[in-house]
Amino acid sequence: MQTLHVDADTWMHRLSPRVKLLALTAFGVLLFLTQSIVLLACANLVGAALYLRCGLPVAEALKRLRPILVSIAVLAIFAAIVGPLHAAIVTALRLTALALFAATVTATTSMAAFIDEITALATPLERLGLLKAADIGLAIGLVIRFVPEILDRYRSIREAHQARGIKIRLATTLAPLIILTLRDADNIAAAIDARGIRRQ
């Protein structure tokens, strides 16, 4: 299974995962508290600068973000059609900045560190009997690990359709993508249970 982590030695890689996760949370809150296009544009510049310095080639860095950027663009166009242009621009800038910072965190934090920090942060909730911290960490880790796999499967399905001359439609690509993803999820769940990783 692939990973979004980039094996490099930058100051972002050396920064504590907890600091990065808390900073990302605080940054996300601040983004949604401002309506200033100038401030949001500056946040995008900072996010892009950090992301492009995390050890990825520029082409690969842009390739990773392409699906989310396309989704943001579609959402912004729809928002501009049904509402004020200012609101559409604010939405696009806000989501793009958040995507850039989140991509930087995932690229500079190993999966093991992610799981450990999420588990540690969820421990107080476990003491209250609300959840199992280890399960939350494992679940979030698996979601992050699944992202590149799902994107690769979608590309494979799309290329197979193109090779057969089949028009690419949501109805013809979504069903096999869901089936393949669920099959992998079942296999991983069986492996987790077989190894007794989840505490009962």
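In this text, all values refer to a predicted model and were calculated from it rather than measured experimentally.

A. The arrangement of the pattern of salt bridges in detail. A full pass over the atoms with the stated rule returns 1 salt bridge. Between E60 and R64 there is a salt bridge, and its shortest N-O distance comes to 3.7 Å. In this pair, E60 and R64 both sit in helix α4 (residues 58-82), 4 residues apart, roughly one turn of the helix. By relative accessible area, R64 is classed as partly exposed at 23%.

B. Inspection of the layout of surface pockets at higher detail. Its boundaries defined by the atoms lining it, the second largest pocket holds a volume of some 210 Å³. Contributing to the lining of the second largest pocket are R66, P67, V70, S71, I150, L151, Y154, R155, R158 and L177. Mapped onto the lining of the second largest pocket, the elements with two or more residues apiece are α4 and α7 (133-163). For the lining of the second largest pocket, the element with the most residues is α7, which contributes 5 residues. Classifying every residue of the lining of the second largest pocket gives 6 nonpolar, 1 polar and 3 charged.

Reading the values: the criteria
- Residues numbered from 1 in each chain as written.
- Predicted model: local features only at pLDDT ≥ 70, side-chain atom pairs only at ≥ 80, totals over all residues.
- Heavy atoms only, no water.
- Salt bridge = Lys/Arg side-chain N within 4 Å of Asp/Glu carboxyl O.
- Helix = DSSP H or I, 4+ residues; strand = E, 2+ residues; numbered from the N terminus.
- Buried < 20%, exposed > 50% of the residue type's maximum accessible area, 1.4 Å probe, protein only.
- 1 Å grid on protein atoms, 1.4 Å probe; cavity = no way out; pocket = protein on both sides within 12 Å on 5 of 7 lines; lining within 4 Å.
- Points joined across faces, edges and corners; volume = space filled by probe spheres on them.
- Nonpolar A, V, L, I, M, F, W, Y, C, P; charged D, E, K, R; others polar.

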